[in-house]
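Listed below, chain by chain, are the residues.
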Amino acid sequence: MQDHTEDTIRQYSHMVYRLAFARAGNRQDADEIYQEVFLRYIRKKPAFQNDAHKKAWFLKVTVNCANSLWRSPWKRCAEPLTDELASETKEPEVDLSMALKRLPPRYREVIHLFYYEELSTEEIGRILHRKPSTVRTQLTRARTILKGILKEEFYEV
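Quick caveat: nothing in here was measured; it's all calculated off a predicted structure.

Calculation notes
Residues numbered from 1 in each chain as written. Predicted model: local features only at pLDDT ≥ 70, side-chain atom pairs only at ≥ 80, totals over all residues. Heavy atoms only, no water. Salt bridge = Lys/Arg side-chain N within 4 Å of Asp/Glu carboxyl O. Helix = DSSP H or I, 4+ residues; strand = E, 2+ residues; numbered from the N terminus. Buried < 20%, exposed > 50% of the residue type's maximum accessible area, 1.4 Å probe, protein only. Core = buried A, V, L, I, M, F, W, Y, C linked by side-chain atoms within 4.5 Å. Contact = heavy atoms within 4.5 Å. Patch = residues over 30% accessible without salt bridge, like charges linked within 9 Å, V, L, I, M, F, W, Y side chains within 5 Å. Areas by Shrake-Rupley, 256 points an atom, 1.4 Å probe, with all protein chains shown as cover.

On inspection of all chains with the given rule, the structure shows six salt bridges. Of the charged contacts in the structure, one is a salt bridge between Asp7 and Arg10, with a shortest N-O distance of 3.3 Å. In this pair, Asp7 and Arg10 are both assigned in helix α1 (residues 2-24), three residues apart and thus about one turn of the helix distant. On the basis of relative accessible area, Asp7 is assigned to the partly exposed category, the value being 44%. Accessibility expressed as a relative area gives 53% for Arg10, which makes it exposed.

Here it is as structure tokens:
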């Protein structure tokens, strides 16, 4: 059983962390979400019908843990720390990861699930408890906002 658990954690660790980071926007919160997801997996020992069911379970639990973190009283009152050091020189390139961090979390997570996890809007809707039409609208809005952010960053350099 231990080997199976380790294999599962190894198999889904990158996916869970990427989604946690996309949702949280910083390493500290992503680490916390990541740990909580795998603690739940180890404690509950869920039975899965197939690999698609297992993947959906990990994505859903990651989203739920991220939502719980943001609802906590501590998180609502805390101010975020940045991972960046001040720099006197600007680099003449646009950083997509920084642009994605500037998106609101609800848009960042649909972008992540659609492009990085390659899920359909129907699958994303089931995971996030949203209508597929809502997911499509959020993807469109996210792309529009991201385009504006990237254009703004390009003209700043």
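Right, let's talk about the nonpolar core for a bit. Counting 35 residues, the largest nonpolar core has Ile33 and Phe58 as its most contacted members. Listing elements by their share of this core, those giving two or more residues are α1, α2 (27-44), α3 (51-71), α5 (96-101), α6 (105-116), α7 (121-128) and α8 (132-156). Ranked by residues supplied to this core, first place goes to α3 with eight residues. Residues contacting Phe58, with those up to four places away along its chain left out, are Thr8, Tyr12, Met15, Val16, Val37, Phe38 and Tyr41.

Now for a nonpolar patch on the surface. Together, Leu96, Tyr115 and Tyr116 line one region of the surface with nonpolar side chains, adding up to about 310 Å² of accessible area. Inspection of the secondary structure puts Tyr115 in helix α6. A relative accessible area of 42% means that Tyr115 is categorised as partly exposed.

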